[in-house]
Amino acid sequence: MLLKALPATAELQARLSQPFVEGSFATAQGAVPRISTRLTLKDRLGALRVRLSIGRSSYRILPGLYAAGSPSRSSPVFVTANYKLSFDALKQALAGIHSWILVIDTRGVNVWCAAGKGSFGNEELARRIASTRLALHVDHRELILPQLAGPGVSAPRFAKDHGWRLRFGPVRAADIPAYLAAGLAKTEEMRRVRFTLADRAVLVPMEVRGAVGPWCGFALFALIYAAVTRRGIDVEAAWAHGWPLLVLGAGSVLAGSALTPLLLPFLPGRAFTFKGWLAGAVVTAALLHGVGLAARLDPWLIGASYAFFPAAAGLLAQQFTGASTITRSEEHTSDLQSLITISY
């Protein structure tokens, strides 16, 4: 039953006013926001903005209980983070599936990273179950969590302390319909964390954007360097002699922030720094000799280019460890706020 007007607390009213909510679902315990399982243009533009690392720390929804379709007291309950990309992945997968969604407060961090940081854990899950009075909405005591929430949640302890059974669903939200059709049984493929070309490609814009600032600083230095002549400051010489260095700098950004993530499985070595250095060396050589930039530089600058630009690419490539699924945690250089949202 969809209610057009319903008395609501300020907290409920705030959740009802979110753009992805299409109305209220009536229960014996009161109204529950009913979500749309379709992604709108605004959702897609928001995802693009976050992929460019613009406002990602505030790209979140309000925690609480939501309804997809018209769930009953026996419908499954899915748990996810309040990072909107994670929420969007789940809601898309639930198109046509009547279910409950329990959104916990992970402070706008995705499932896997929140589990590693501790914000997706037993304590917050128990708190959200209590605050939403979830036990009054369903007859069963079973929650379906993303598999990648495993590092932060102890299912045996939660069952003992709170009386709820925790199931870990598939890694990817897109596999949920098949998982439900199989009677909550996962195939080996549903358990596997993949990091495909498409998964890596969506992270490239964020990596490139992060490298723009350092490149601008380098560009300023290169232009000033080229402008200093024996006759003093020559503005025309700044561009005439500085632009090859700017192109080489852009090449190192391309190599470290784009080519290395895209070619990650194919570049030799384990260290991301080495992979980036190798890609940077190839791009630097191609620009110097394939494009002909070497003819515009003196021998000293050519040698310096081979020393500096591949190393810069290696440093940029190292930043990708924080967004990768295939490095050890001690190799991470970021705060683990990756944008991998294959989970939910």
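Keep in mind the model is a prediction, meaning the values are calculated, not measured. (Residues numbered from 1 in each chain as written. Predicted model: local features only at pLDDT ≥ 70, side-chain atom pairs only at ≥ 80, totals over all residues. Heavy atoms only, no water.)

## Section: the packing of aromatic side chains
Using the criterion set out here, one finds 10 aromatic pairs in the structure. Between the aromatic rings of Phe274 and Trp277, the centroid separation amounts to 6.2 Å while the plane-to-plane angle is 20 degrees, which identifies the pairing as stacked. Taken together, the residues Phe274 and Trp277, both in helix 12 (residues 272-290) and 3 residues apart, mark about one turn of the helix. Through pairs of rings, three or more aromatic residues link up here, namely Phe20, Tyr66 and Phe87. In this structure, Arg15 is placed above the aromatic ring of Tyr66, and the distance from its NZ or CZ to the ring centre is 5.2 Å. One residue, Arg141, lies across the ring of Trp164, its end atom 5.1 Å from the ring centre. (Phe/Tyr/Trp six-rings, centres within 6.5 Å; stacked < 30°, edge-to-face > 60°. Helix = DSSP H or I, 4+ residues; strand = E, 2+ residues; numbered from the N terminus. Lys NZ or Arg CZ within 6 Å of the ring centre and 35° of its normal.)

## Details of the nonpolar core
By size, the foremost hydrophobic cluster in this structure holds 31 residues, and its most contacted members are Leu102, Phe120, Leu125, Leu143 and Leu145. Sort the elements by how many residues they give to this core and helix 4 (residues 111-117) lands first, with 4 residues. Sequence-distant contacts of Leu125, defined by excluding residues within four places in its chain, comprise Val79, Leu102, Ile104, Leu143, Leu145, Phe158 and Leu166. By size, the runner-up hydrophobic cluster in this structure holds 24 residues, among which are Val21, Ile101, Ala173 and Tyr344. (Core = buried A, V, L, I, M, F, W, Y, C linked by side-chain atoms within 4.5 Å. Buried < 20%, exposed > 50% of the residue type's maximum accessible area, 1.4 Å probe, protein only. Contact = heavy atoms within 4.5 Å.)

## Here we look at the environment of Gln319
Looking at the element boundaries, Gln319 is found in the segment after helix 13 (299-318). When the C-alpha atoms of Gln319 and Ala211 are compared, they prove to be 9.7 Å apart, with 108 residues separating the residues in sequence. Here the side chain of Gln319 touches Leu315 through a polar contact of 3.3 Å, landing on its backbone oxygen. (Polar contact = N/O pair within 3.5 Å; in protein donor to acceptor, adjacent residues only side chain to side chain.)

Purely geometric numbers; function is a separate question.
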